[in-house]
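# Coordinate inspection notes
Here is what each chain is made of, one letter per residue.
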Amino acid sequence: MSKHALITGVTGQDGAYLAKLLLEKGYEVYGLVARRSSDHMYWRLDELGVTGDVRIIDGDLTDQGALIRALQTSQADEVYNLGAQSFVGASWNQPVLTAEVSGVAVTKLLEAIRLFNPKTRFYQASTSEMFGLIQAERQSESTPFYPRSPYGVAKLYGHWITVNYRESFNLHASSGILFNHESPLRGIEFVTRKVTDAVARIKQGKQKELRLGNIDAKRDWGFAGDYVEAMWLMLQQDTPDDYVVATGVTTTVRDMVNIAFAHVGLKAEDHLIIDPAFFRPAEVDVLLGDPTKAKTQLGWTPKTDLETLITMMVDADMRRVSKE
Ligand code: GDP
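Scope of this entry: the structure provided in the associated data block. (Residues numbered from 1 in each chain as written. Predicted model: local features only at pLDDT ≥ 70, side-chain atom pairs only at ≥ 80, totals over all residues. Heavy atoms only, no water.)

## What to know about the site of the ligand
- Around the ligand sit 19 residues in total, of which K194, G213, R219, R280 and E283 are the nearest.
- At 2.8 Å, a side-chain N or O of E129 approaches an oxygen atom of the ligand.
- For the shell around the ligand, the secondary-structure elements that each account for two or more residues are helix 7 (191–203) and strand 8 (210–212).
- Its residues placed into classes, the shell around the ligand shows nine nonpolar, three polar and seven charged. (Near = heavy atom within 4 Å. Polar contact = N/O pair within 3.5 Å; in protein donor to acceptor, adjacent residues only side chain to side chain. Helix = DSSP H or I, 4+ residues; strand = E, 2+ residues; numbered from the N terminus. Nonpolar A, V, L, I, M, F, W, Y, C, P; charged D, E, K, R; others polar.)

Encoded structure:
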């Protein structure tokens, strides 16, 4: 009998990669999708060639009844909660929505699992944004949190309620504290994809400049395709736990931008404009993860370095832009 998985946020970057991974492993994959307003929202699943293989369940993460029905319909053995309002920048404009979707909804899902089938294994998508104003040079599972955005605060609630349900009700609930992870399927609002898309447009004469905010920020960027394997591994362990998933290398936005422009033979300084509109009310200056626990306990290691990742993204955007 094949295992059943339910993925919230299945139309997002991580949802698409995870759906593909689980399908390859022989899972029956269900995806909770809130709005079926446009076909366009399936573009990531389309690009990975798995749209027809994912069983879509209509329902909103904030709707308790929809979550119970999704568990009933999917008969899920494993639930991956990847649904969120995940863009830090937008979280200042939608703080309450962010709290409801990225925070309180986690409790609704855990409650649904506890009441419907407490044997269901649960993965919570936690985030390095919870470290925010960092309290240690390299952030590990034991580093204190200090979120710096409504998104980070909402995610911290989701993280602790996951820990709490594990400890209170003995649920197999794990939390992956994932550092930034990117891919050609990243949304255009995130800085890596904004850059690789702009580089492709500039190279093909469809755009002249690239406007960015704080390019001194440093991030530990990995490849989303590598990171979804860590999620799956967490749910295959005998005991649930929390894990940092990161590369252990940090790079400035500036250096990431230089890699992208250099890949197509252009110079960043000829096109880059610093625009105050893209600065944030509070910034996370630097993130650097310590993935030792994931390595030793899960046997997980990142396979893709930043240069490989950014050039892969630029190449994908060069192809897309040329077809427009
Ligand atoms: P985050 O780490 O989840 O906020 O991921 P982002 O990709 O949105 O942002 C990464 C970093 O890039 C943050 O420190 C941003 O302030 C910085 N950054 C600089 N310019 C931009 C921009 O134009 N867009 C975005 N999204 N981020 C920018």
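## Remarks on unusual backbone geometry
- Even without being glycine, Q75 reaches a positive phi, approximately 50°.
- Position of Q75 among the secondary structure elements: in the loop between helix 3 (64–74) and strand 4 (78–81).
- Q75 sits in the partly exposed class, given a relative accessible area of 48%.
- Although it is not a glycine, N170 adopts a positive phi angle of roughly 65°.
- One can find N170 in the loop between helix 6 (150–169) and strand 6 (173–178).
- Under the relative-accessibility criterion, N170 is labelled exposed at 68%. (Buried < 20%, exposed > 50% of the residue type's maximum accessible area, 1.4 Å probe, protein only.)

## What about the packing of helix 7 against helix 11 (residues 306–323)?
- Following both chains from N to C, one finds helix 7 and helix 11 inclined at 50°, their axes separated by 8 Å at the closest point. Here helix 7 lies oblique to helix 11, going by the angle between them. When the axes of helix 7 and helix 11 are compared, the crossing they make is right-handed. Contacts from T192, R193, T196, D197, V199, A200, R201 and K203 of helix 7 reach helix 11 at I310, M313, V314, D317, M318, R320 and V321.
- Its residues assigned to classes, the contact of helix 7 with helix 11 comprises seven nonpolar, two polar and six charged. (Axes fitted to C-alpha atoms, helices over the stretch in contact; angles between N-to-C directions. Parallel < 35°, antiparallel > 145°, perpendicular 65-115°, else oblique. Left-handed = near helix turned anticlockwise from the far one by under 90°. Contact = heavy atoms within 4.5 Å.)

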